[in-house]
Amino acid sequence: MAATNRKSEQTGIPAAPEPPQNIDGGWPAAWSEGASSLDATCHMLDLLSDFSSPPPAVDIPAALAFLTSTQLDDGTWREGPSHRTPDALMPGSAAARVYLTGNCARTLIAYSGPQRAIEQAAQALEWSLDPHGRLPGPLVAHWLGARVLRVAGRDLAARRLLDVVGRSFDGLTAADLVQFGSNTPRGDRWTRRIVARLIALQASDGSWPGDDGEPSVAVSITACRVLLRA
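Residues numbered from 1 in each chain as written. Predicted model: local features only at pLDDT ≥ 70, side-chain atom pairs only at ≥ 80, totals over all residues. Heavy atoms only, no water.

Comments concerning helix H5 (residues 115-127)
Then step 1. Under the 1.5 Å per step criterion, the end-to-end length of H5 is 18 Å for 13 residues, consistent within 8% with the ideal 18 Å.
Then step 2. Listed in full, the buried residues belonging to H5 are Ala 117, Ile 118, Ala 121, Ala 122, Ala 124 and Leu 125. Projected down its long axis, H5 carries its buried residues within an arc of 165°, all on one side. Along H5, exposed side chains directed more than 90 degrees from the buried face belong to Arg 116 and Trp 127.
Then step 3. In this structure, the buried residues of H5 make contact with helix H4 (94-110) and helix H6 (139-151). (Helix = DSSP H or I, 4+ residues; strand = E, 2+ residues; numbered from the N terminus. Expected span 1.5 Å × (residues − 1). Buried < 20%, exposed > 50% of the residue type's maximum accessible area, 1.4 Å probe, protein only. Arc of directions from axis to C-beta. Contact = heavy atoms within 4.5 Å.)

Let's talk about the packing of aromatic side chains
Then step 1. The final tally for this structure, using the stated rule, is three aromatic pairs.
Then step 2. Aromatic side chains Trp 143 and Phe 180 sit 4.6 Å apart centroid to centroid with 15° between the ring planes, which places their arrangement in the stacked category. Highlighted residues: Trp 143 in helix H6 and Phe 180 in helix H8 (residues 174-181), separated in sequence by 37 residues. In this pair, the class of Trp 143 matches that of Phe 180, namely buried. (Phe/Tyr/Trp six-rings, centres within 6.5 Å; stacked < 30°, edge-to-face > 60°.)

Some details on the environment of Gly 153
Then step 1. In this fold, Gly 153 is placed in the loop between H6 and helix H7 (155-168).
Then step 2. Exposure remark for Gly 153: the relative accessible area of 51% places this residue in the exposed category.
Then step 3. The spatial distance from the C-alpha of Gly 153 to the C-alpha of Asp 46 is 23 Å, given a sequence separation of 107 residues.

Regarding the packing of helix H2 (residues 38-48) against helix H3 (residues 60-69)
Then step 1. Axis separation between H2 and H3 bottoms out at 11 Å; the angle between their running directions is 145°. As H2 packs across H3, the resulting crossing turns out to be left-handed. Residues Leu 38, Thr 41, Cys 42, Leu 45 and Leu 48 of H2 pack against Ile 60, Ala 63, Leu 64, Phe 66 and Leu 67 of H3.
Then step 2. Residue composition of the contact of H2 with H3, by class: nine nonpolar, one polar and no charged. (Axes fitted to C-alpha atoms, helices over the stretch in contact; angles between N-to-C directions. Left-handed = near helix turned anticlockwise from the far one by under 90°. Nonpolar A, V, L, I, M, F, W, Y, C, P; charged D, E, K, R; others polar.)

Let's talk about unusual backbone geometry
Then step 1. Notably, Glu 33 is not glycine yet its phi reads approximately 55°, a positive angle.
Then step 2. When you line up the elements, Glu 33 lands in the loop between strand E1 (27-28) and strand E2 (36-37).
Then step 3. In this structure Glu 33 comes out as exposed when scored by relative accessible area, which is 53%.

Some points on the confidence of the model for the chain
Then step 1. Averaged over all residues, the pLDDT of the chain is 90; the fraction at 70 or higher stands at 93%.
Then step 2. Note on residues 1-11: pLDDT is under 50 here. Beyond four places in sequence and across chains, it has 14 contacts. (pLDDT = per-residue confidence, 0-100.)

Overview of the packing of H2 against H4
Then step 1. At a closest axis distance of 10 Å, the pairing of H2 and H4 adopts a crossing angle of 35°. In terms of crossing hand, the pair formed by H2 and H4 is left-handed. On the side of H2, the interface is formed by Leu 38, Asp 39, Cys 42, Leu 45 and Asp 46, while H4 contributes Tyr 99, Leu 100, Asn 103, Cys 104, Arg 106 and Thr 107.
Then step 2. Broken down by class, the residue content of the contact of H2 with H4 amounts to six nonpolar, two polar and three charged.

Observations concerning the nonpolar core
Then step 1. Ranked by size, the top nonpolar core spans 60 residues in total, and within it Leu 45, Leu 67, Trp 77, Val 148, Phe 180 and Leu 198 carry the most contacts.
Then step 2. Setting aside anything within four residues of it in sequence, one finds Val 148 in contact with Gly 102, Ala 105, Arg 106, Ile 109, Ile 118, Ala 121, Ala 122 and Leu 125. (Core = buried A, V, L, I, M, F, W, Y, C linked by side-chain atoms within 4.5 Å.)

Details of helix H10 (residues 217-227)
Then step 1. Along H10, the residues that are buried comprise Val 219, Ser 220, Thr 222, Ala 223, Arg 225 and Val 226.
Then step 2. Packing partners of the buried residues in H10 comprise H2, H8 and helix H9 (189-201).
Then step 3. Of the residues flanking the start of H10, the one acting as N-cap is Ser 216, its side-chain oxygen 3.5 Å from the backbone nitrogen of Ala 218. (Polar contact = N/O pair within 3.5 Å; in protein donor to acceptor, adjacent residues only side chain to side chain.)

See the structure below:
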C-alpha cells in the first residue's frame, strides 16, 4: 500500500491504496497487466482489515463481490489467464488451486462474506486432502485452509492441516509467521504462539527480517499487526 500522503496525515483519513481498485472490484498484481488478481485483491483486503473504516476510494463490498463472483462451481478459485502468471498461481496447478481457494475463502470469512461460498470452499479443500492430511500446495495453503475448515465446522480436517503446520512451525521464518499470524483469529492459541516466536526473532533495532535476512519494512509492519491480535 502506498505511504500515507500529507493530507492523510493532517486529516487522519487513510490514503487510497496504490494501485487503485479496478472497476470490477479487484486489484491488479504486478504481473497481471492491469487485470484484477485474486491474490492481489486478498492481499489488499488483508492490509485494509485493520482500518476501522476504509479509505474513501475503496469499495469493500465491490471487492467481496469480485471474489464471490469468480468462485467456480466446484467451490475453488483460479487466477485469470496471463502469460506472466507466476508458477505458484498458474491455472491448472493443484497447488495454486488450493492456495487461492484457502486465501479467497479466508478473506470472505474476515469480512463476513457469504456463508454458502465459504462452505463450498471448505468442501473443496476437504476433498483435496490426501490420506496424510496434506493439501497439494505450500504450507501457507494449510493454515489458510484450516481457518476455512474450522469456520465451516469441519474441525477434524482443520486439525489435520494444523498438525502439518505444527510439524514445521519451528522452522518458519519471520515472513512466514507474519503471514500465518495475519490469518488467525484474535486471541487464538496459534496467534499467541506466533507472537511468542516473533518476539524471539525480533532484532535489537526493533525490526524483523525478510526472507533475504535483511530488515524488512513490510514484515515488521505486519508483525506489529499480529502482535496486536494476541
